[in-house]
Amino acid sequence: MNTKLIKLFLRLAISFGFLSAVADRFGWWGQEVSVWGNWDSFLQYTAVLNPWFPESIIPAIGGIATGVEIVFAVCLILGFKTELFARLSGILLLVFALSMTLSTGIKGAFDYSVFSASAGAFALSLMKEKYGELDSLVRAPETE
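From a predicted model like this one, the values you see are computed outputs, not experimental measurements.

Enquirer: An account of the overall build of the protein chain is requested, with residue identities and associated values reported.
Expert: Within the protein chain, the secondary structure is distributed over seven helices and zero strands. Helices (α) and strands (β) of the protein chain occur, in sequence order from the N terminus, as α-α-α-α-α-α-α. The buried share of the protein chain, reckoned over its 144 residues, is 35%. Contacts in the protein chain between residues far apart in sequence, at least 24 positions, make up 64% of those at least 6 positions apart. When the accessible surface of the protein chain is split by element, carbon and sulfur atoms take 68% of a total near 8,600 Å². Between the mean site of the 10 positive side-chain charges and the mean site of the 12 negative ones, the protein chain shows a separation of 8 Å.

Pasting the structure below:
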C-alpha cells in the first residue's frame, strides 16, 4: 500500500473516532448504537474513569476532553500541524487507555482498541511526507 494513503487513512480514522465519541455524548447516534447516548451518562463514565478527582470537577474534565477531541480531530482532518496533533492524540488516547485500565481493568481498553489507536496516532506523528494536508499549502519560505 502507498504510504500517502496509509497516512490519510490514519488521519481520518483517528479523527472520526474522536468525532464519533463526541457525537455519542451529545446524543447524535441512535440509541441502539450509543455507548453513552447523552452528556449526563458520559459524565458518569468520566467519573468512573477518574475516581481520583472530586466529583465537582468531573464536568470540567469531560468538557475539556470533549473540546480537545474536537480540536484534534479537525486539525488532523485538515492536516494542520499533523505531526504535533498526531503526537498529542497519541498521548490523549494513551491517557484514556491507562485511565480505563486503572479504573475498570485492561479488558475495556483492549476491547475498544484504545492502545491500538494511541499507537496509530504515534505512528502517524512519525510520517513526515505530506499528503492532502493544509501544512503542504502553508510552507515556510525557502532560504536562498
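So, next bit.
Enquirer: Please set out the layout of surface pockets residue by residue, giving values where relevant.
Expert: Roughly 890 Å³ of volume is contained in the largest pocket. Lining of the largest pocket is provided by 34 residues; of these, Ala21, Arg25, Trp36, Glu69 and Phe96 occupy positions nearest its centre. Secondary-structure elements contributing two or more residues to the lining of the largest pocket are helix H1 (3-25), helix H2 (39-49), helix H3 (58-78), helix H4 (82-104) and helix H6 (114-126). Looking at which element gives the most residues to the lining of the largest pocket, the answer is H1, with eight residues. Considered class by class, the residues forming the lining of the largest pocket number 23 nonpolar, seven polar and four charged. Roughly 160 Å³ of volume is contained in the second largest pocket. Along its surface, the second largest pocket is lined by Phe80, Lys81, Thr82, Glu83, Leu84, Lys130, Leu134, Asp135 and Val138. Counting only elements with at least two residues in the lining of the second largest pocket, the list comes to H4 and helix H7 (134-137). The leading source of residues in the lining of the second largest pocket is H4, at three residues.

Enquirer: Hey, could you go over the nonpolar core for me, with residue numbers and the actual values?
Expert: By size, the foremost hydrophobic cluster in this structure holds 19 residues, and its most contacted members are Ile14, Phe18, Leu76 and Leu124. Taken together, the elements giving at least two residues each to this core come down to H1, H3, H4 and H6. Looking at which element gives the most residues to this core, the answer is H4, with six residues. Apart from the residues lying within four places of it in its own chain, the contact partners of Phe18 are Glu69, Phe72, Ala73, Ser89, Leu92 and Leu93. Listed in part, the six residues of the second largest apolar core include Ala21, Phe42, Leu43 and Ala47.

Enquirer: Quick one: what's the story with the side chain of Arg11, residue by residue and with numbers?
Expert: Topologically, Arg11 is positioned in helix H1. Look at Arg11: it is buried, it has no salt bridge, and the nearest opposite charge is Glu133 at 4.3 Å. Once you skip the residues sitting within four places of it in the chain, Arg11 turns out to touch Leu76, Ile77, Leu78, Gly79, Thr82, Leu124, Tyr131, Gly132 and Glu133.

About the thresholds
Residues numbered from 1 in each chain as written. Predicted model: local features only at pLDDT ≥ 70, side-chain atom pairs only at ≥ 80, totals over all residues. Heavy atoms only, no water. Helix = DSSP H or I, 4+ residues; strand = E, 2+ residues; numbered from the N terminus. Buried < 20%, exposed > 50% of the residue type's maximum accessible area, 1.4 Å probe, protein only. Contact = heavy atoms within 4.5 Å. Areas by Shrake-Rupley, 256 points an atom, 1.4 Å probe, with all protein chains shown as cover. Lys, Arg positive; Asp, Glu negative; His and termini not counted. Charge placed at Lys NZ, Arg CZ, Asp CG, Glu CD. 1 Å grid on protein atoms, 1.4 Å probe; cavity = no way out; pocket = protein on both sides within 12 Å on 5 of 7 lines; lining within 4 Å. Points joined across faces, edges and corners; volume = space filled by probe spheres on them. Nonpolar A, V, L, I, M, F, W, Y, C, P; charged D, E, K, R; others polar. Core = buried A, V, L, I, M, F, W, Y, C linked by side-chain atoms within 4.5 Å. Salt bridge = Lys/Arg side-chain N within 4 Å of Asp/Glu carboxyl O.

That is the geometry; function is a separate question.
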